[in-house]
Protein chains: 2
Amino acid sequence: MNILVCDDDKEIADAIKIYLENEGYTVFKAADGLEAIAQLDQHEIHLIIMDIMMPKMDGIKATVKIREEHQIPLIMLSAKSEDYDKILGLNIGADDYVTKPFNPLELIARVKSQLRRYTALGSMEMKQHVYKTGELILDDEQKLITVDGEPVHLTPVQYKILRLLMMNTGRVYSIEDIYEKVWNEPSFNPENTVAVHIRKIREKIEINPKEPKYLKVVWGVGYKVEKI
Amino acid sequence: MNILVCDDDKEIADAIKIYLENEGYTVFKAADGLEAIAQLDQHEIHLIIMDIMMPKMDGIKATVKIREEHQIPLIMLSAKSEDYDKILGLNIGADDYVTKPFNPLELIARVKSQLRRYTALGSMEMKQHVYKTGELILDDEQKLITVDGEPVHLTPVQYKILRLLMMNTGRVYSIEDIYEKVWNEPSFNPENTVAVHIRKIREKIEINPKEPKYLKVVWGVGYKVEKI
DNA sequence: ATCAAAAGTTAAGAATTCCTTAAGAAATTC
DNA sequence: GAATTTCTTAAGGAATTCTTAACTTTTGAT
């Protein structure tokens, strides 16, 4: 997910960038409204964080301009906490606002909330949430896995790994791939963490873990869930 | 789709029949509980509309009898609107109820809603207002919750949380999900609020809160109400 | 074919994270 | 202002995750 942070205060923009990147988002920056609009043409942006007070083109004007062409979720940052500003911001097309000084955790929560809402609308109930291969079924809504109809309990990490592999049965994921997707951070030195988890998953979903039917290894490459 | 209308009042039964046939359903009639049971043997019935007050065998007795053998969705018609009757009907195995005098459109909406539950089709025109799982019943119209037929008092927040979970039994909601839906704002500080409410709810609806039958935790993910 | 290196598997315990629970403060309702 | 409800805090317990290290299989170089 790509987020555009638009603030002339370099310090604040950088701080936000770090917090968001820490959450796994890709962050682009813009120092004013004009830059922001330019960035939108260059990158696919999924959410905008926009400061109100900026030189050249302020946040209000920029928001209006952006809303003429895009429906990207937009969170407004305002130094003042007057209701006046908030109302103005929301009327103009912002989806939410946060007042400075703000709690980074709050900003992140609101970012997630907006992205959730936005992506939920696009795929309302349409998104697939049941993945099957052979007698192995994963229901992502119920967080439920069954093998031959028998429910199997997986821990959160185990679940995430299996879901990743099952969302694309047959596709091989390297250990680095898995680490990045599941932990949301580049695999710096994942000893054999992933392998251990794989073992635990096999223990639970395979009849005979030594001759796995579903969760196969591809030597020197990674792991996959067989497409059956 | 075949619907059985069971009411000794011929006028009402005929009126219902016409409305339902107008919607494309095939309607069978029965004047009392005994007739209803006889009809069930002869035709494949997909939904039952059952009046409470009837000669020979009343609706309550008939419902109990029917539930011994069938899981057909059943909507109860009651002349009285007292809470007592509603609770009784639901505990006995009815899936929904409508009080006389009723709006035909409401009845049809509830019929569709029930059929949808069992066939998993269509769109949401009428939101369901009775949610059941095991012996736990939530009636959103009366804001009433019963466990084993015993009404339990929940505070507003507790009620909202339980309703959210019961509207989709089996589905897992993260703490953030719950916070957002119940408080209508994203959660950002690592609080414990939801967990405390969950505890309080368990205290009230569970026999043994330490081994909850209904309100389960899914480790590292969130909470759900078991689909029973 | 044989051996060493590389890659994968497995087990066990320490470290960490997450959930539960109780008690009291703060806020709200009556 | 008393009662009820909601929120915060913190300790304790339970479950999960990670690390370590020995072991097995595969690969490929000799």
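Residues numbered from 1 in each chain as written. Chains lettered and ligands numbered in written order. Predicted model: local features only at pLDDT ≥ 70, side-chain atom pairs only at ≥ 80, totals over all residues. Heavy atoms only, no water.

Enquirer: Give a description of the overall build of chain A that names residues and reports values.
Expert: Looking only at helices and strands, chain A features eight helices and 11 strands. In chain A, 52% of the contacts between residues at least 6 apart in sequence involve partners at least 24 apart. For chain A, the accessible area works out to roughly 12600 Å², and carbon and sulfur atoms hold 51% of it. (Helix = DSSP H or I, 4+ residues; strand = E, 2+ residues; numbered from the N terminus. Contact = heavy atoms within 4.5 Å. Areas by Shrake-Rupley, 256 points an atom, 1.4 Å probe, with all protein chains shown as cover.)

Enquirer: Lay out the protein's contact with DNA strand D in plain terms, naming residues and giving numbers.
Expert: Not every one of the 21 residues close to DNA strand D is listed here, only the nearest: T155, V157 and W183 of chain A together with T155 and N192 of chain B. Expressed as a percentage, the sugar and phosphate content of the atoms of DNA strand D within 4 Å of the protein is 76%. At 3.4 Å, a side-chain N or O of T193 of chain A approaches a phosphate oxygen of DNA strand D. N192 of chain B is positioned with one of its side-chain polar atoms (N or O) 2.8 Å from a base nitrogen of DNA strand D. Here the residues of the surface near DNA strand D sort into 10 nonpolar, 10 polar and one charged. (Near = heavy atom within 4 Å. Polar contact = N/O pair within 3.5 Å; in protein donor to acceptor, adjacent residues only side chain to side chain. Nonpolar A, V, L, I, M, F, W, Y, C, P; charged D, E, K, R; others polar.)

Enquirer: Summarise the protein's contact with DNA strand C; cite the residues concerned and give the values.
Expert: By nearness alone, 22 residues border DNA strand C, and R199 and Y223 of chain A together with N192, R199 and Y223 of chain B come closest of all. Of everything in DNA strand C that lies within 4 Å of the protein, sugar and phosphate atoms constitute 74%. In the model, a phosphate oxygen of DNA strand C is placed 2.6 Å from a nitrogen or oxygen of the R199 of chain B side chain. Y223 of chain B places a side-chain nitrogen or oxygen 2.7 Å from a phosphate oxygen of DNA strand C. Elements that contribute at least two residues to the surface near DNA strand C include exactly α8 (193-205) of chain A together with α8 (193-205) of chain B. For the surface near DNA strand C, the element with the most residues is α8 of chain A, which contributes five residues. In terms of residue class, the surface near DNA strand C is built from 11 nonpolar, four polar and seven charged.

Enquirer: Provide a residue-level description of the interface of chain A and chain B, including the pertinent values.
Expert: Between chain A and chain B, the contact holds 12 residues from the first and 14 residues from the second. At the boundary of chain A with chain B, total buried surface from both sides reaches about 1200 Å², with 56% on carbon and sulfur atoms. Ranking the residues of chain A by area buried against chain B places R116, E141 and Q142 of chain A at the top, with a combined share of 37%. In this assembly, chain A and chain B are joined by two residue pairs in polar contact (both at pLDDT 80 or more). Element by element, the count of residues in the side of chain A that touches chain B is highest for helix α5 (residues 104-122) of chain A, at seven residues. Residues that form the side of chain A that touches chain B fall into these classes: three nonpolar, three polar and six charged. (Buried area = accessible area lost by both parts, 1.4 Å probe.)

Enquirer: Quick rundown of the pattern of salt bridges? Include the residues and the values.
Expert: Enumeration over the complete set of coordinates arrives at 18 salt bridges over all chains. Between K143 of chain A and D140 of chain A there is a salt bridge, with its nearest N and O atoms 3.4 Å apart. Looking at K143 of chain A, the relative accessible area reads 25%, which means it is partly exposed. Among the residues examined, D140 of chain A registers a relative accessible area of 17% and is labelled buried. In this structure, the salt-bridge partner of E203 of chain B is R199 of chain B, at a minimum N-O distance of 2.5 Å. With E203 of chain B and R199 of chain B both in helix α8 and four residues apart, the pair spans about one turn of that helix. It is possible to trace a salt-bridge network through shared partners that takes in D140, K143 and R163 of chain A. (Salt bridge = Lys/Arg side-chain N within 4 Å of Asp/Glu carboxyl O. Buried < 20%, exposed > 50% of the residue type's maximum accessible area, 1.4 Å probe, protein only.)

Enquirer: So what's going on with helix α3 (residues 59-69) of chain B? Which residues, and what values?
Expert: Residue and element names in this part refer to chain B. Every buried residue belonging to α3 is among G59, I60, A62, T63, I66 and R67, and all of these are buried. The arc enclosing the buried residues of α3, seen along the axis, measures out at 160°, which places them on a common side. Opposite the buried face of α3, by more than 90 degrees, sit the exposed residues K61, E68 and E69. (Arc of directions from axis to C-beta.)

Enquirer: Account for the side chain of D51 of chain A, naming residues and giving values.
Expert: All names here are of chain A. Along the chain, the position of D51 falls in strand β3 (residues 47-51). The class for D51 is buried, based on a relative accessible area of 3%. The residues contacting D51, other than those within four sequence positions of it, are C6, D7, D8, G59, L77 and K100.

By themselves these figures say nothing about function.
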